[in-house]
Amino acid sequence: MAPTLPDLLRRPHMKREMEKRRMTKPRIAIFDFGCCEGCQLQIVNLEEELLDLVGLVDVVSWREAMTGHSDEYDIAFVEGSITREAEMERLKGIRQNAKVLVALGACAHIGGINCLKNFFEMDEVLKYVYGKEAKHFDTIPARPLSAVVPVDYAVPGCPIDRKEFLEVVKALLLGKKPPIPNYPVCVECKMKGNICVFEKGMTCLGPVTRAGCGAICPTYGNKCEGCRGLVDDPNLDSYKEVLQEHGLTVEQMLNSFRMFDGYMEVAK
Ligand code: SF4
Ligand code: SF4
Ligand code: SF4
């Protein structure tokens, strides 16, 4: 029987594997920018696997979970989007220190919900949030990490999937490319035998969105809002056909894209 993910992560197994490959314990750091920190919370919530995980790596910086900090790290997991000028320099510093930089969650990966503010004037946004104190703050249109520095990999989703995060860490520990799916949510949705939400008069971004979440939203009767970003080569022609069949246009779908993928629209 194939080993389960917890089996694979269990310390002796991975330790043996890493020794075989003459690998040393990588130093990991976790950082956050503009976001709700829900993706980090997913890591904290790993409960059973977390102790095994920290036995395989040296966590040298993680504000949400520990007090120590070091600038000596191999892999940086970075959550959140860039929403202030000063954050660009901080992110460039992290990029300089890290051998591998992984965007953690939709905010870091594709800009995420923070990019909704990009459809307004920045002065207006500041006043809305800070009122009379707005003059003490600064903000810029939100952007994903990749708009500022090169990003090696991403753990998609809002929030990230805990098991997928472990798969990514496991691959990085073994020096492999993380196995993030590059096919649309529809594939997982069909495999689950769901009734397509288009048949219920709703719209859905599943045909162009990267799978990996198990089509959780359509499975529970909701549309996919595209939190995992587009697949690498979305079949837009076929998607347009699906929309046409249901009397819809791409323009009518753009508002749905804005929830998580608004950056693409503004950055064009
Ligand atoms: S991707 Fe979602 S859960 Fe993660 S930090 Fe951003 S808003 Fe929060
Ligand atoms: S509900 Fe959405 S994800 Fe599922 S098959 Fe229909 S379009 Fe695809
Ligand atoms: S179904 Fe779509 S919106 Fe829901 S978790 Fe998956 S990718 Fe995100």
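Definitions and cut-offs
Each chain has its residues counted from 1, running along the sequence as written. Both sets of labels track the order of writing: A upward for chains, 1 upward for ligands. Side-chain atom pairs in this predicted model are given and counted only at pLDDT of 80 or more, local residue features only at pLDDT of at least 70, and totals for whole chains, interfaces and linings cover all residues. The helix and strand labels rest on DSSP assignments: H or I over at least four residues marks a helix, E over at least two residues marks a strand, and numbering proceeds from the N terminus. Neighbour density around each residue's C-beta defines its exposure: 20 or more other C-beta atoms within 10 Å make it buried, 12 or fewer make it exposed, and counts between make it partly exposed, where C-beta atoms are placed from the backbone. Whether two residues are in contact depends on their C-beta atoms, placed from the backbone: they are in contact if these lie within 7 Å. In this analysis a residue is considered near a molecule or strand if the C-beta atom, reconstructed from its backbone, is found within 6 Å of that molecule or strand. In this classification, the charged set is Asp, Glu, Lys and Arg, the nonpolar set is Ala, Val, Leu, Ile, Met, Phe, Trp, Tyr, Cys and Pro, and all remaining amino acids, among them Gly, are polar. Note: two strands are recorded as paired if DSSP finds a minimum of 2 bridges between them. By definition, a nonpolar core groups buried Ala, Val, Leu, Ile, Met, Phe, Trp, Tyr and Cys residues that connect through C-beta atoms lying within 7 Å of each other. With axes taken as lines fitted to C-alpha atoms, and helix axes fitted only over the stretch in contact, angles between N-to-C directions fall between 0 and 180 degrees. Every helix has an expected span of 1.5 Å times one less than the residues it contains.

**Student:** When you look at the overall build of the protein chain in this model, what are you seeing that I'm missing?
**Tutor:** Each helix and strand in the protein chain was counted, giving 12 helices and 5 strands. Taken over 268 residues, the protein chain has a buried fraction of 35%. Contacts in the protein chain between residues far apart in sequence, at least 24 positions, make up 73% of those at least 6 positions apart.

**Student:** Help me understand the site of ligand 1, please; the structure alone is not making it clear to me.
**Tutor:** Near ligand 1, the surroundings consist of 14 residues, among which Cys35, Gly38, Gly105, Cys107 and Cys158 are the closest. For the shell around ligand 1, the secondary-structure elements that each account for two or more residues are α3 (38-44) and α6 (106-110). Its residues placed into classes, the shell around ligand 1 shows 8 nonpolar, 4 polar and 2 charged.

**Student:** Is there a simple way to explain the pairing of strand β3 (residues 75-79) in this structure?
**Tutor:** Consecutive side chains along a regular strand alternate between the two faces of the sheet. Within β3, 5 of the 5 residues are buried, leaving the element largely enclosed by the surrounding structure. Residue alternation in β3 divides its side chains into two sets, Ile75, Phe77 and Glu79 and Ala76 and Val78, and both sets are buried. Two strands pair when backbone bridges link them, and strand β1 (residues 27-32) and β3 are joined in this way by 5 bridges, in the parallel orientation. Residue Phe31 lies in a different strand from β3, and its bridge partner there is Val78. For β3 and strand β4 (residues 100-104), the ladder comprises 5 bridges, and the chain directions are parallel. The residue of β4 that forms the bridge with Phe77 is Val102.

**Student:** Can you walk me through the nonpolar core in this structure?
**Tutor:** In this structure, Ile75, Ala76, Phe77, Val78, Val102 and Leu104 are the most contacted members of the largest nonpolar core, which totals 43 residues. Ranked by residues supplied to this core, first place goes to helix α8 (residues 162-173) with 6 residues. The residues contacting Val78, other than those within four sequence positions of it, are Phe31, Ile94, Leu101, Ala103, Leu104, Ala108 and Leu145. Of all hydrophobic cores here, the second largest spans 11 residues; its members include Val185, Cys189, Leu205 and Cys224.

**Student:** Please clarify how the site of ligand 2 should be interpreted in this entry.
**Tutor:** Cys186, Cys189, Cys196, Cys204 and Gly206 are the nearest of the 14 residues found near ligand 2. Here the element with the most residues in the shell around ligand 2 is helix α9 (residues 185-191); it accounts for 4 residues. In the shell around ligand 2, the residues fall into 11 nonpolar, 2 polar and 1 charged.

**Student:** Before we go on, may I ask you to explain the sheet that holds β3 in this structure?
**Tutor:** Strands belonging to one sheet form pairs held by backbone hydrogen bonds; the direction of such a pair is parallel or antiparallel. Strand order in this open sheet of 5 strands is β2-β1-β3-β4-β5, and the pairing throughout is parallel. Where the open sheet ends on each side, the last strands, each with one partner, are β2 (58-62) and β5 (153-155). Taken pair by pair, the neighbouring strands of this sheet meet at an average axis angle of 20°, ignoring direction. Along the sheet face, α8 touches β3, β4 and β5 and points at about 155° away from the line of β5.

**Student:** What exactly am I supposed to notice about unusual backbone geometry here?
**Tutor:** What you tend to see is this: most non-glycine residues have negative phi, and most peptide bonds are trans. Along the chain, Cys158 connects to Pro159 via a cis peptide bond; the corresponding omega equals 0°. Here Pro159 lies in the loop between β5 and α8. Non-glycine residue Glu37 carries a positive phi angle of around 65°. With respect to the helices and strands, Glu37 occurs in the loop between β1 and α3. Positive phi, normally seen in glycine, also occurs at Glu47, with a value near 40°. As for its placement among the helices and strands, Glu47 is situated in the loop between α3 and α4 (50-56).

**Student:** Please explain the environment of Thr209 as it appears in this structure.
**Tutor:** Examined against the element boundaries, Thr209 turns out to sit in the loop between α9 and α10 (216-219). Those residues in contact with Thr209 that lie beyond four places of it in its chain are Pro184, Val185, Cys224, Gly226, Arg228, Leu230 and Val231.

**Student:** Mind showing me how you'd approach the pairing of β4 here?
**Tutor:** Across the 5 residues that make up β4, a large majority, 4, are buried. Where β4 and β5 come together, 3 bridges link them in parallel fashion. Bridge assignment links Val102 to a residue of β5, and that residue is Tyr153.

**Student:** Please clarify how α8 should be interpreted in this entry.
**Tutor:** An α-helical turn contains 3.6 residues, so a residue and the one three or four places further along point in the same direction. Taking 1.5 Å of rise per residue, 12 residues should cover 16 Å, and α8 covers 17 Å from first to last C-alpha, within 8% of that figure. Listed in full, the buried residues belonging to α8 are Glu164, Phe165, Leu166, Val168, Val169, Leu172 and Leu173. Taken from the residues just after α8, Gly175 is the one with a positive phi, measuring 70°.

**Student:** How do you make sense of the environment of Cys36 when you look at a structure like this?
**Tutor:** Summarising the element assignment, Cys36 is placed in the loop between β1 and α3. We classify Cys36 as partly exposed; it has 17 C-beta atoms within 10 Å. Taking the C-alpha atoms as reference points, Cys36 and Pro159, separated by 123 residues in sequence, lie 9.6 Å from one another.

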